[in-house]
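Structural features, examined
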Amino acid sequence: MVEIVPYHHKYLEEVCQLIKKDLSEPYSKYVYRYFVHQWPEYSFVALLDGQMVGAVISKQDIHRGQSLRGYIAMLAVKDSHRGKGIATLLTKASLNVMIEKGAQEIVLETEVDNDAAMYFYERLGFCRYKRLFRYYLNGTDAFRYILYP
Ligand SMILES: CC(C)(COP(=O)(O)OP(=O)(O)OC[C@H]1O[C@@H](n2cnc3c(N)ncnc32)[C@H](O)[C@@H]1OP(=O)(O)O)[C@@H](O)C(=O)NCCC(=O)NCCS
C-alpha cells in the first residue's frame, strides 16, 4: 500500500539519487535544500512498505509581483514502480496544497523529448504554452506547462 507523506530531510539522499538517475539536469543537494527549506509544505514522498519509491519537490511564490504561482520542480518515481498511479498521487498532494493556499497558476518544465512526462501532465490538465530553447545544461529545449486551478 502506497503512502504519500510530507517530505522530510531524512529522505534527501535517496531523493537526490532517484532524480539524478532519471533527469538529465545535475541538481545538487543545495537545490533540493533551497526548495524544501523555504517551502516544506509543497513537497512529498511516496512510501511503499516504508521504502521511498517516488518524490515531488515543489514551491509556491509570487511571480513578477503579480500572481501566486505554484511550481513543480522535480518529480520522479522508481522505474520498477511506474504505471501504478504513484506520480498522480504525489502530484495531486502537491497541487492540493497549492490550491488550498490560493495558487492562481501552476507551472513546470519538461524536456521536449520526455513523452511520458508530457502525457502525464496533460492528463492532469496542464497545457503546453512555451518552448524554452536550450533550457537545460545538456542543450535540450524544454516545454513549459501551465495549469489554471
Ligand atoms: C513521468 C513519471 C513521473 C510518471 O510516473 P508514474 O507513477 O508511472 O505515473 P502514473 O502511474 O501516475 O501515470 C498516470 C498517467 O500518466 C500517463 N503516463 C505515465 N507514464 C507514461 C508513459 N511512459 N507513457 C505514456 N503515458 C504515461 C498515463 O496517461 C498514465 O495514466 P494510465 O496509467 O491510466 O494510462 C515517471 O515516468 C518518471 O518518474 N519518469 C522519470 C522522471 C520524469 O520524467 N519526471 C517528470 C519530468 S519533471
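Scope of this entry: the structure provided in the associated data block. (Residues numbered from 1 in each chain as written. Predicted model: local features only at pLDDT ≥ 70, side-chain atom pairs only at ≥ 80, totals over all residues. Heavy atoms only, no water.)

**So, the site of the ligand**
Surrounding the ligand, one finds 18 residues, the nearest of these being Leu 75, Gly 83, Gly 85, Thr 88 and Asn 114. Here an oxygen atom of the ligand and a backbone polar atom of Ala 87 are 3.0 Å apart. Note that an oxygen atom of the ligand is positioned 3.3 Å from one of the side-chain N or O atoms of Arg 123. The protein chains hide 73% of the 910 Å² of surface that the ligand would expose on its own. Of the pockets mapped on this structure, the ligand occupies the largest pocket. Of all the secondary-structure elements, those providing two or more residues to the shell around the ligand are strand S4 (67–77), helix H3 (86–100) and helix H4 (115–123). No other element matches H4, which puts 5 residues into the shell around the ligand. For the shell around the ligand, the per-class residue count stands at 10 nonpolar, 4 polar and 4 charged. (Near = heavy atom within 4 Å. Polar contact = N/O pair within 3.5 Å; in protein donor to acceptor, adjacent residues only side chain to side chain. Areas by Shrake-Rupley, 256 points an atom, 1.4 Å probe, with all protein chains shown as cover. 1 Å grid on protein atoms, 1.4 Å probe; cavity = no way out; pocket = protein on both sides within 12 Å on 5 of 7 lines; lining within 4 Å. Sits in = over half its atoms within 2 Å of the grid points. Helix = DSSP H or I, 4+ residues; strand = E, 2+ residues; numbered from the N terminus. Nonpolar A, V, L, I, M, F, W, Y, C, P; charged D, E, K, R; others polar.)

**Examining unusual backbone geometry**
Not every positive phi belongs to a glycine, and Arg 64 is a case in point at roughly 50°. Tracing the backbone through its elements, the reader meets Arg 64 in the loop between strand S3 (51–63) and S4. Arg 64 gets classed as exposed once you look at its relative accessible area, which sits at 71%. Although it is not a glycine, Arg 134 adopts a positive phi angle of roughly 50°. Positionally, Arg 134 belongs in the loop between strand S6 (127–132) and strand S7 (142–147). (Buried < 20%, exposed > 50% of the residue type's maximum accessible area, 1.4 Å probe, protein only.)

**Brief notes about the pattern of salt bridges**
Charged atoms that come close allow side chains of opposite charge to pair. Summed over all chains, the structure comprises 7 salt bridges. Here Arg 128 makes a salt bridge to Glu 122, at a shortest N to O gap of 3.7 Å. Take Glu 122: its relative accessible area is 36%, and that puts it in the partly exposed class. (Salt bridge = Lys/Arg side-chain N within 4 Å of Asp/Glu carboxyl O.)

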